[in-house]
Amino acid sequence: MAVRSSDSAACDAGLQALLETQNLLRTQVANFTFNLGFSGKFYHTGTRAEDEGDDLLLRSVDQFWWFPHMWSHMQPHLFRNESSLVEQMVLNKEFALEHGIPVRSGYAVAPHHSGVYPVHLPLYAAWRKVWGVQVTSTEEYPHLKPARHRKGFVHDSIMVLPRQTCGLFTHTIFYKEYPGGPQELDKSIRGGELFLTVLLNPISVFMTHLSNYGNDRLGPYTFVHLADFVHSCTNLRLQTLPPVQLARKYFELFPEQRDPLWQNPCDDKRHKDIWSREKTCGHLPRFLVIGPQKTGTTALCLFLLMHPSVASSLPGPQTLEEVQFFNGNNYHKGLDWYMGFFPTPPNASADFLFEKSSSYFHSEDAPKRAASLVPKAKIITILIDPSDRAYSWYQHQRSHGDPAALRFDFHAVVTTGPEAPPELLALQRTCLVPGWYAAHLERWLAHFAASQLLIIDGQQLRSYPATVMDEIQKFLGVTPHYNYSQALTFDPQKGFWCQLLEGGKTRCLGKSKGRKYPPMASESRAFLSSYYRDHNVELAKLLHRLGQPLPAWLRQELQKAR
Ligand code: A3P
């Protein structure tokens, strides 16, 4: 806060101009009120005249809306943790209280968009704690350019609005010196970019600098003329809302924008610059094992981890074995959270990081979200006969004490109608839906090139794991070549292939993998064959299109369908 001018008369004129502009704009824009940001550290640190300007502005504090900037204008991403940010914010809050600045708007802005997007979790937490922030804005989501693609999102209950650019920056302060000549600014106002921005966005948030309001008063000039032009050649009625109401309105208009889509911060130079150096982008997987559940995904993980160059996400306290980031609510915990599962430094020898979450396969959201964050990742999926998969899932649920699985037999579960109790229907869904293989694969193929997707035959993995692991090594391009024929052995007691350890011992998967249970009743198999018929026909077409061989179970099912 410093009105840049040479004497106190000019300061007074500056404040008058601001108030006059506000009044003038109110004739064109209902309720128009300037929303002024403050960084208390700079109070009374200018020339005498500037310091007087600060005081004048503070004397008119009630004429404007106010929002906190950072106390020292530091970029929030440079603060490691919440408490150091809280400390800074508290200084600014004390300044506001001392000077009677009303601070109830629920709005805040971070210098240089830092910490807002890409998200710096401590900023959101500190904002909520100190200021009760509910709304902020940025030009960076998903990217600065093209400006027309900017969107909003909601993170950690804070609504992030897209901010537009008006063509006025800290250094554009003289009309005659406008880059490219003043006619460029006038063009933008009268039918050009700025006009189109207002025309095409039902809600526009602009931010300018005090320097645009001193000097040549380019700020007032631009917005008063813009409002005039909009008024004269459209029938739009402009109005201003307080930030929280504005943000609610925005997400009422664009509810689909609430959920963010995270991207790799290192893929955009501007994002990388406001991304903490401690958070390297190498902490992201190079490939994903997406499931579906019960097809042999854990065995595949065990085998992959035997390779010296491959490492997986670490288990976390709340995540058990799988991170399950892309499919559900964990996604909203943000990138910092996800990257915390990949601690290996990128230059370590095990640089083929991967993550296995077997519910990604049938998730509506996972393909789109994964493609946004790790667009070059390779994707591995395993397919077995969907009827066997459904049955294995049912057995899995029984041994985990799912009351519906304990109460109803498998046939009842898969055949029950829509009037069944909700817990039975929920179990039915998780038995049946992942088996709609073609539909789920199509969703992945809508976001990833076919060359990035490897479909493994689960029966082959179970019976000839070394051959399948060779295929996977080739697909991933991982070196050195690892000899699985020597490293795996069939364990007759377990009835499955296991890792061969030194001294001839074996490491097999635990009791929950390769369970002993009675074979599926023939009437259930017949029912499921018919249930999956169309899905399997679609799968055969899809594999044909991809030039992939059909697994034996699929050929048999197609025979039955004839
Ligand atoms: P069952 O327990 O029904 O036999 P997931 O790890 O995706 O949950 O898959 C579990 C299934 O992997 C098991 O289902 C089992 O059939 C299969 N599997 C394949 N190879 C295996 C292996 N080497 N060891 C244990 N289970 C294996």
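What counts and what doesn't
- Residues numbered from 1 in each chain as written.
- Predicted model: local features only at pLDDT ≥ 70, side-chain atom pairs only at ≥ 80, totals over all residues.
- Heavy atoms only, no water.
- UniProt positions renumbered as here; feature names shortened; annotations may be inferred.
- Helix = DSSP H or I, 4+ residues; strand = E, 2+ residues; numbered from the N terminus.
- Buried < 20%, exposed > 50% of the residue type's maximum accessible area, 1.4 Å probe, protein only.
- Pairing = 2+ DSSP bridges.
- Near = heavy atom within 4 Å.
- Polar contact = N/O pair within 3.5 Å; in protein donor to acceptor, adjacent residues only side chain to side chain.
- Areas by Shrake-Rupley, 256 points an atom, 1.4 Å probe, with all protein chains shown as cover.
- Nonpolar A, V, L, I, M, F, W, Y, C, P; charged D, E, K, R; others polar.
- Arc of directions from axis to C-beta.
- Contact = heavy atoms within 4.5 Å.
- Disulfide = S-S within 2.5 Å.
- Core = buried A, V, L, I, M, F, W, Y, C linked by side-chain atoms within 4.5 Å.
- Expected span 1.5 Å × (residues − 1).
- Phe/Tyr/Trp six-rings, centres within 6.5 Å; stacked < 30°, edge-to-face > 60°.
- Lys NZ or Arg CZ within 6 Å of the ring centre and 35° of its normal.
- Right-handed = clockwise from strand over helix to strand, strands pointing away.
- Axes fitted to C-alpha atoms, helices over the stretch in contact; angles between N-to-C directions.
- Parallel < 35°, antiparallel > 145°, perpendicular 65-115°, else oblique.
- Salt bridge = Lys/Arg side-chain N within 4 Å of Asp/Glu carboxyl O.

K.L.:
Residue-level account of the UniProt feature "domain: Heparan sulphate-N-deacetylase deacetylase" (unreviewed entry) in the protein chain, with values.
P.N.:
The sites that carry the UniProt feature "domain: Heparan sulphate-N-deacetylase deacetylase" (unreviewed entry) are, in the present numbering, residues 15-195. Summarising residues 15-195: 36% helix, 12% strand, and an end-to-end C-alpha distance of 27 Å.

K.L.:
If you had to explain the pairing of strand β12 (residues 453-457) to someone new, which residues and values would you point to?
P.N.:
In terms of burial, β12 is largely enclosed, as five of its five residues are buried. The alternating pattern of β12 places Leu453, Ile455 and Asp457 and Leu454 and Ile456 on opposite faces, both of which are buried. Inspection of the sheet shows strand β11 (residues 378-383) paired to β12 by five bridges, in the parallel sense. Each residue of the ladder has a partner; that of Thr381, found in β12, is Ile455.

K.L.:
Any details on the site of the ligand? Residues and values, ideally.
P.N.:
Lining the immediate surroundings of the ligand are 16 residues, of which Thr297, Thr298, Ser392, Gly514 and Tyr517 lie closest. Side-chain polar atom of Arg462 to an oxygen atom of the ligand: 3.3 Å apart, as the coordinates give it. Contacts to the ligand include Lys513, whose side-chain N or O atom sits 2.9 Å from an oxygen atom. The protein chains hide 94% of the 570 Å² of surface that the ligand would expose on its own. Those elements giving two or more residues to the shell around the ligand turn out to be α10 (297-305) and β14 (496-500). Ranked by the residues each element gives to the shell around the ligand, the list is headed by α10, at four residues. Looking at side-chain class alone, the shell around the ligand contains six nonpolar, six polar and four charged residues.

K.L.:
Quick rundown of helix α16 (residues 422-432)? Include the residues and the values.
P.N.:
Among all positions of α16, only Leu424, Leu427, Gln428, Cys431 and Leu432 are buried. Angular distribution of buried residues about the axis of α16 spans 120°; they occupy a single face of the element. Residues of α16 that are exposed and point over 90 degrees away from its buried face: Pro422 and Arg429. At its buried positions, α16 is contacted by α13 (386-399), α14 (403-407), α15 (410-415) and α21 (522-531).

K.L.:
Describe the state of the cysteines, naming the residues involved and giving the relevant values.
P.N.:
A complete count under the given rule lists one disulfide for this structure. Across the disulfide from Cys498 sits Cys508; the S-S distance is 2.1 Å. Because the sign of the S-S torsion sets the handedness, a value of about 105° for the bond joining Cys498 and Cys508 places this disulfide among the right-handed ones. Here Cys498 is found in strand β14, whereas its partner Cys508 is found in the loop between β15 (506-507) and α21, with ten residues between them in sequence. Overall, the relative accessible area of 1% leaves Cys498 in the buried class. What makes Cys508 partly exposed here is its relative accessible area of 24%. Free cysteine Cys301: the closest other cysteine sulfur is in Cys498, separated by 15 Å. By relative accessible area, Cys301 is classed as buried at 12%.

K.L.:
Before we move on, can you summarise the nonpolar core with the specific residues and values?
P.N.:
One finds Trp127, Phe325, Phe326 and Tyr338 to be the most contacted residues of the largest nonpolar core, which totals 103 residues. The residues touching Phe325, leaving out its near neighbours within four places in the chain, are Trp262, Asn330, Tyr331, Gly334, Trp337, Tyr338, Tyr360, Arg369 and Leu373. Ile380, Ile382, Leu461 and Val468 belong to the second largest nonpolar core, which has 27 residues in total.

K.L.:
Tell me about helix α3 (residues 82-98), residues and numbers included.
P.N.:
Since the α-helix packs 3.6 residues into each turn, any two residues three or four apart lie on the same face. With 17 residues, α3 extends 24 Å from end C-alpha to end C-alpha; this agrees with the ideal 24 Å at 1.5 Å per step. Considered for burial, the residues of α3 that qualify are Leu85, Val86, Gln88, Met89, Asn92, Phe95 and Ala96. Summarising the contacts, the buried residues of α3 are in contact with β2 (35-38), β3 (65-68) and α4 (121-131). Phi turns positive, to about 65°, at Gly100, one or two residues after α3.

K.L.:
Hey, could you go over the packing of aromatic side chains for me, with residue numbers and the actual values?
P.N.:
Under the definition given, this model contains 39 aromatic pairs. On the basis of an interplanar angle of 85° and a centroid distance of 6.5 Å, the ring pair of Phe64 and Trp66 is categorised as edge-to-face. By relative accessible area, which is 2% here, Trp66 ends up buried. Chaining the aromatic ring pairs together yields one cluster made of Tyr117, Tyr141, Phe153, Trp262, Phe325, Phe326, Tyr331, Trp337, Tyr338, Phe341, Phe342 and Tyr360. A cation over an aromatic ring shows up here: Arg286 above the ring of Phe352, its NZ or CZ 3.8 Å from the ring centre.

K.L.:
If you had to explain the sheet that holds β14 to someone new, which residues and values would you point to?
P.N.:
Within the open sheet, the three strands sit side by side as β13-β14-β15. Their pairing is antiparallel. Because the sheet does not close on itself, it has two edges, and the strands there are β13 (488-491) and β15. Of the pairings in the sheet, the one linking β14 to β15 comprises two bridges and is antiparallel in character. Counted as the bridge partner of Gln499 is Arg507 from β15.

K.L.:
Provide a residue-level description of the pairing of β2, including the pertinent values.
P.N.:
Side chains Leu36 and Phe38 project from β2 onto a buried face, and the interleaved Asn35 and Gly37 project onto a face without burial. Both β2 and β3 contribute to a ladder of four bridges, which runs parallel. Bridging across to β3, Leu36 finds its partner in Trp66. A crossover links β2 with its parallel partner β3, the connecting element being helix α2 (residues 48-59), and its sense is right-handed.

K.L.:
So, the packing of helix α17 (residues 437-445) against helix α22 (residues 533-545): which residues are in play, and what are the values?
P.N.:
Axis separation between α17 and α22 bottoms out at 7 Å; the angle between their running directions is 40°. Relative to α22, α17 is oriented oblique. Residues Tyr437, Ala438, Leu441, Glu442 and Leu445 of α17 pack against His535, Glu538, Leu539, Leu542 and Arg545 of α22. Here the residues of the contact of α17 with α22 are counted per class, giving six nonpolar, one polar and three charged.

K.L.:
Help me get a handle on the pattern of salt bridges, residues and values and all.
P.N.:
One side chain can pair with another of opposite charge once the charged atoms of both are near each other. A full pass over the atoms with the stated rule returns 18 salt bridges. The salt bridge partner of Glu140 is Arg270, with a shortest N-O separation of 2.5 Å. Of the two residues, Glu140 sits in the loop between β4 (135-138) and β5 (153-155) while Arg270 sits in helix α9 (residues 269-273), which places them 130 residues apart along the sequence. A salt bridge links Lys356 to Glu322; the shortest N-O distance between them is 2.9 Å. Of this pair, Lys356 sits in strand β10 (residues 352-356) while Glu322 is found in the loop between β9 (310-312) and α11 (335-339), placing the two residues 34 residues apart along the sequence. Like Glu322, Lys356 is buried.

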